[in-house]
Amino acid sequence: MKNPMRLTGGMSIIPSQEELIDTILSSQLEKSQARLILLIDTSGQVISFHGERGSIDLVALGALTASDLAASEEIARISNLYQENQMVIRQGSKMNTIVYDINHNMILLYIVPATVPLGWVCYLVRESSSQINEALSKIQKITGRRIFESDNSNLHEMINNALDQVWKDSAP
């Protein structure tokens, strides 16, 4: 039997949850015509990906995506515009990227051709999020134990401390 995938913050995803997530993302890849769909935890650790990897460094992409979302959320907080379920969208002439926070535990990144209607992709991103949350909670109800959980009450403080440490470590 395969061991649970350990994520940062003490979270774990059991193999049956991984399978459900892979099924969801595979279906969404086809519907959205995405080049790549990446699911990561809030530290940037890769949980799953579907699509064309090519020469993309998924570890670096995951870390940068998590940092990007954390920075965007902080900008929203500082400007008193923070709301739940915010989406970061970057439109380009050839490709668009969509970054979406799933319940402060996981992050979805979609990279889609600019020819795909953005409203449709945004809908699919939210649909993926909902399906992943439902799949994770369904497994937890069946097993009778909370596999995927995290105490994010101090997430903001954890991010600030981690960033402070990075700056301290890189100081001359």
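Residues numbered from 1 in each chain as written. Predicted model: local features only at pLDDT ≥ 70, side-chain atom pairs only at ≥ 80, totals over all residues. Heavy atoms only, no water.

Our next topic: the overall build of the protein chain. Helices and strands together make up the secondary structure of the protein chain, namely four helices and seven strands. Along its sequence from the N terminus, the protein chain presents helices and strands in the succession β-β-α-β-β-α-β-β-β-α-α. The buried share of the protein chain, taken over its 172 residues, is 40%. Counting only contacts in the protein chain whose residues sit at least 6 apart along the sequence, the fraction spanning at least 24 positions is 53%. Accessible surface computed for the protein chain: about 9900 Å², of which carbon and sulfur atoms make up 54%. (Helix = DSSP H or I, 4+ residues; strand = E, 2+ residues; numbered from the N terminus. Buried < 20%, exposed > 50% of the residue type's maximum accessible area, 1.4 Å probe, protein only. Contact = heavy atoms within 4.5 Å. Areas by Shrake-Rupley, 256 points an atom, 1.4 Å probe, with all protein chains shown as cover.)

Among the secondary structure elements, Glu73 is positioned in helix H2 (residues 58–78). One buried charged residue, Glu73, remains without a salt bridge, the closest side chain of opposite sign being Arg77 at 4.2 Å. For Glu73, the contacting residues outside a window of four places in its chain are Tyr82 and Asp101. (Lys, Arg positive; Asp, Glu negative; His and termini not counted. Salt bridge = Lys/Arg side-chain N within 4 Å of Asp/Glu carboxyl O.)

Here Lys94 is to be found in the loop between strand S5 (87–91) and strand S6 (95–102). Excluding residues that lie within four positions of it along the chain, Lys94 makes contacts with Val112, Pro113 and Ala114.

Before going further, it helps to examine the packing of aromatic side chains. According to the stated counting rule, one finds one aromatic pair in the structure shown. Across from the ring centre of Tyr82, 4.4 Å away, lies the NZ or CZ of Arg77, which sits over that ring. (Phe/Tyr/Trp six-rings, centres within 6.5 Å; stacked < 30°, edge-to-face > 60°. Lys NZ or Arg CZ within 6 Å of the ring centre and 35° of its normal.)

Here we come to the nonpolar core. With 26 residues, the main nonpolar core has Leu39, Ile98, Met106, Leu108, Tyr110, Val125 and Ile132 as its most contacted residues. Elements with a contribution of two residues or more to this core: helix H1 (15–32), strand S3 (36–41), S6, strand S7 (106–113) and helix H3 (118–143). With seven residues, the single largest contributor to this core is H3. Those residues in contact with Tyr110 that sit more than four places away from it in its chain are Gln28, Ser32, Ala34, Leu36, Ile37, Asn96, Thr97, Ile98, Val121, Leu124, Val125 and Ser128. Ranked by size, the runner-up nonpolar core spans 13 residues in total, among them Ile40, Leu58, Leu61 and Leu69. (Core = buried A, V, L, I, M, F, W, Y, C linked by side-chain atoms within 4.5 Å.)

Before going further, it helps to spend a moment on unusual backbone geometry. The general pattern is negative phi for most residues beyond glycine and trans for most peptide bonds. Although it is not a glycine, Asn80 adopts a positive phi angle of roughly 60°. The residue Asn80 is located in the loop between H2 and S5 in this model.

Below, the discussion takes up the pairing of S3. Most of S3 is tucked away: six of the six residues are buried. Of the two faces of S3, the one lined by Leu36, Leu38 and Ile40 and the one lined by Ile37, Leu39 and Asp41 are each fully buried. Here S3 runs beside strand S4 (residues 46–51); their pairing, made up of five bridges, is antiparallel. Paired with Leu36 across the two strands is Gly51, which belongs to S4. Linking S3 to S4, which pair antiparallel, is a turn of four residues; within it Gly44 sits at a positive phi near 100°. (Pairing = 2+ DSSP bridges.)

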